Amino acid sequence: MMNDIRGLLAPEDVRIAVPARCRRDLLAALAAHAARSFDLDEATLLDKLSEREKLGSTGIGRGIALPHGKADVDRVCGVLFALQRPIDFDAVDDSPVDIAFLLVAPEGDDAGHLKALSRVARRLRVEEVAAGIRSARSAEAVHALFTQPDAAEAA
């Protein structure tokens, strides 16, 4: 279904040097961007993301967070932020977060949602990808790096 990670992230949904002081700031900025990009209600999306965080941090370690939620979208889509400076996110490894990928899935699409989460997590855990995102000078460079086929897909 979602074998191609490129379908998750449009170039205009990548931002670098995003300022955030805390997890709440970051979630609010992600929700605001997603609301504009995907024509969603910002407050409702922020509530969903905040409720999900109460179940346990989506900080998956190595400076990466994968906040996610369901909304009135027709496909799984995402927003990728590289932060100006790392923030505390209560991640599983206690390391501060400086890369956040918001994943928004259609209501009722559990399989697509989980498959996309897994693909994004695997992609961002590739050290060269994470390091490249952190050092990128443009959102275009981040998008190109994130969406390039990996070795397994290219074979």
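Scroll up to find the structure this text is about.
Definitions and limits used
- Residues numbered from 1 in each chain as written.
- Predicted model: local features only at pLDDT ≥ 70, side-chain atom pairs only at ≥ 80, totals over all residues.
- Heavy atoms only, no water.
- Salt bridge = Lys/Arg side-chain N within 4 Å of Asp/Glu carboxyl O.
- Helix = DSSP H or I, 4+ residues; strand = E, 2+ residues; numbered from the N terminus.
- Core = buried A, V, L, I, M, F, W, Y, C linked by side-chain atoms within 4.5 Å.
- Buried < 20%, exposed > 50% of the residue type's maximum accessible area, 1.4 Å probe, protein only.
- Contact = heavy atoms within 4.5 Å.
- Expected span 1.5 Å × (residues − 1).
- Arc of directions from axis to C-beta.

On to the pattern of salt bridges. Tallied over the entire structure, the rule returns six salt bridges. We note a salt bridge from Lys48 to Glu107, for which the minimum N-O separation is 2.6 Å. Residue Lys48 is found in helix α2 (residues 42-55), and its partner Glu107 is found in the loop between β6 (97-106) and α3 (110-124); the two are separated by 59 residues along the sequence.

In this structure, Leu80, Phe101, Leu124 and Ile133 are the most contacted members of the largest nonpolar core, which totals 26 residues. Secondary-structure elements contributing two or more residues to this core are β5 (77-87), β6, α3, α4 (127-135) and α5 (139-147). When residues of this core are assigned to their parent elements, the largest contribution, five residues, is made by α3. Excluding residues that lie within four positions of it along the chain, Ile133 makes contacts with Leu80, Ala82, Ile99, Leu124, Val142 and Leu145. By size, the runner-up hydrophobic cluster in this structure holds 25 residues, among which are Leu26, Val79, Phe81 and Val104.

What follows deals with α2. For α2, with 14 residues, the first-to-last C-alpha span of 20 Å sits near the 20 Å given by 1.5 Å per residue. Restricting attention to buried positions, one finds in α2 the residues Leu45, Leu46, Leu49, Ser50 and Glu53. The buried residues of α2 occupy an angular sector of 135 degrees when projected down its axis, which confines them to one face. Projecting away from the buried face of α2 at angles above 90 degrees are the exposed residues Asp47, Lys54 and Leu55.

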